[in-house]
Amino acid sequence: MKDKSINGHVAIIVANVIFGLGVPATKLLLDKWVTPMTYMAMRCIGAALIFWAIAMFLPKEKVERKDLLVIILGGLLGFVISQTLTAWSLNYTSPVYYSLIATLTPIAVLILAVPILGEKASATKLLGVVLGIAGAALMVVLKWQSEAGKNDLLGIFLALMSLLTWAVYLIITRKVSEKYSPVTQMKWVFLVSTIAVLPFAWKEFPQTALFSSPLSSASMEGIALMAFIVVFATVLGYFMIPYAMKYLQATTVSVYTNLQPVVASLVAIAIGQDILTWDKPVAAILVLLGAWLVTRKK
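Residues numbered from 1 in each chain as written. Predicted model: local features only at pLDDT ≥ 70, side-chain atom pairs only at ≥ 80, totals over all residues. Heavy atoms only, no water.

Asks: Even after reading the chapter, I still don't get the overall build of the protein chain, so can you show me in this structure?
Replies: Within the protein chain, the regular secondary structure consists of 14 helices and zero strands. Along its sequence from the N terminus, the protein chain presents helices and strands in the succession α-α-α-α-α-α-α-α-α-α-α-α-α-α. When the 298 residues of the protein chain are sorted by exposure, 52% land in the buried category. Residue pairs in contact within the protein chain that sit at least 24 positions apart in sequence constitute 91% of those at least 6 positions apart. (Helix = DSSP H or I, 4+ residues; strand = E, 2+ residues; numbered from the N terminus. Buried < 20%, exposed > 50% of the residue type's maximum accessible area, 1.4 Å probe, protein only. Contact = heavy atoms within 4.5 Å.)

Spelled out as structure tokens, the structure:
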């Protein structure tokens with residue numbers, strides 16, 4: 001189980017690195033290429049097709065009806081509602097403000113996990129959550145004045161709603177994640193998500209720049225960004241989450257959420273959009289230290 005626990009940590013780190021890359025990519029897509037609803041529809045359709053195609057080559061796994069309802073409800077909360085709120089949030093505010101709100105996710109998960117899953121809120125675990133939040137918040141707060149959106153108050157409210165639905169998703173799918181493979185869970189999640197989102201997005205496709213612009217070197221940028229979001233930030237990222245939850249507590253999984261603003265900042269440094277300052281490595285260390293404290297048995 002110890003080795004499997006390591007696999008869980010690796011999986012959730014990979015997922016949050018991808019999600020961290022996805023935040024600036026999503027912002028670029030929303031600014032130039034897609035609407036929030038067409039963005040969501042493309043993610044749902046692409047992921048559903050990929051997961052159902054993969055499932056065809058794997059042994060068929062029977063899902064109990066009550067578990068299927070949990071998977072579907074979790075998918076609607078953790079993907080359709082949470083990610084739609086995220087897209088709308090980034091449409092109104094900056095990635096910096098959004099990232100700051102996202103650092104509160106472990107607190108929401110810990111509050112819910114204690115009564116629902118029976119996780120123990122020990123002093124060490126609370127310290128780990130606080131350190132993880134402090135690490136991400138330190139870096140984000142130092143950039144607080146540098147970016148602003150067109151309606152930050154609305155964007156921040158939508159970000160809060162997004163993190164709450166994400167926290168509920170992590171809690172209610174924790175037990176079914178132990179019973180079924182990630183592919184089995186995700187094929188149903190994205191099938192239902194497609195059915196839920198497509199009616200709202202259908203009319204927006206013809207007016208969306210990504211689909212109405214002629215094929216050119218400029219439009220290839222939008223296609224490449226959308227492909228990254230579908231293949232990596234949706235399929236691979238959402239595959240890793242239920243895999244990690246087989247071996248890790250929901251609170252531990254949520255603490256790693258604080259890696260996302262750190263990753264986004266490091267990428268900005270690598271491509272020349274930001275510079276390396278003392279707060280960024282300190283933030284990364286605090287986040288990882290917080291995750292280690294949350295995971296400790298004693």
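Asks: Before we go on, may I ask you to explain the pattern of salt bridges in this structure?
Replies: Two side chains that carry opposite charge are able to pair once their charged atoms sit near each other. According to the stated counting rule, one finds seven salt bridges in the structure shown. Here Lys179 ties to Asp67 by a salt bridge, and the two come within 2.6 Å at their closest N and O atoms. Remark: Asp67 occurs in helix α3 (residues 65-92) and Lys179 occurs in helix α8 (residues 174-179); sequence separation between them is 112 residues. For Asp67, a relative accessible area of 5% puts it in the buried group. Between Arg174 and Glu178 there is a salt bridge; the shortest N-O distance is 2.6 Å. On the criterion of helical spacing, the pair formed by Arg174 and Glu178 is a turn pair, its members being four residues apart in helix α8. (Salt bridge = Lys/Arg side-chain N within 4 Å of Asp/Glu carboxyl O.)

Asks: So what exactly am I meant to see when it comes to the packing of aromatic side chains here?
Replies: A ring pair, where both rings are aromatic, is described by two values, the distance of the centres and the angle of the planes. If you walk through the whole model with that rule in mind, you get 13 aromatic pairs. Where Trp166 meets Tyr238, the ring centres are 5.9 Å apart and the plane angle is 85°; that geometry is what we call edge-to-face. One end of the pair, Trp166, is in helix α7 (residues 152-172); the other, Tyr238, is in helix α11 (residues 217-245), and 72 residues separate them in sequence. Since its relative accessible area comes to 13%, Trp166 is described here as buried. On the basis of relative accessible area, Tyr238 is assigned to the buried category, the value being 2%. For the ring pair Tyr243 and Tyr247, a centre distance of 5.5 Å and an interplane angle of 75° mean the geometry is edge-to-face. The positively charged end of Lys187 is found above the aromatic ring belonging to Trp52, 4.6 Å away from the centroid. (Phe/Tyr/Trp six-rings, centres within 6.5 Å; stacked < 30°, edge-to-face > 60°. Lys NZ or Arg CZ within 6 Å of the ring centre and 35° of its normal.)

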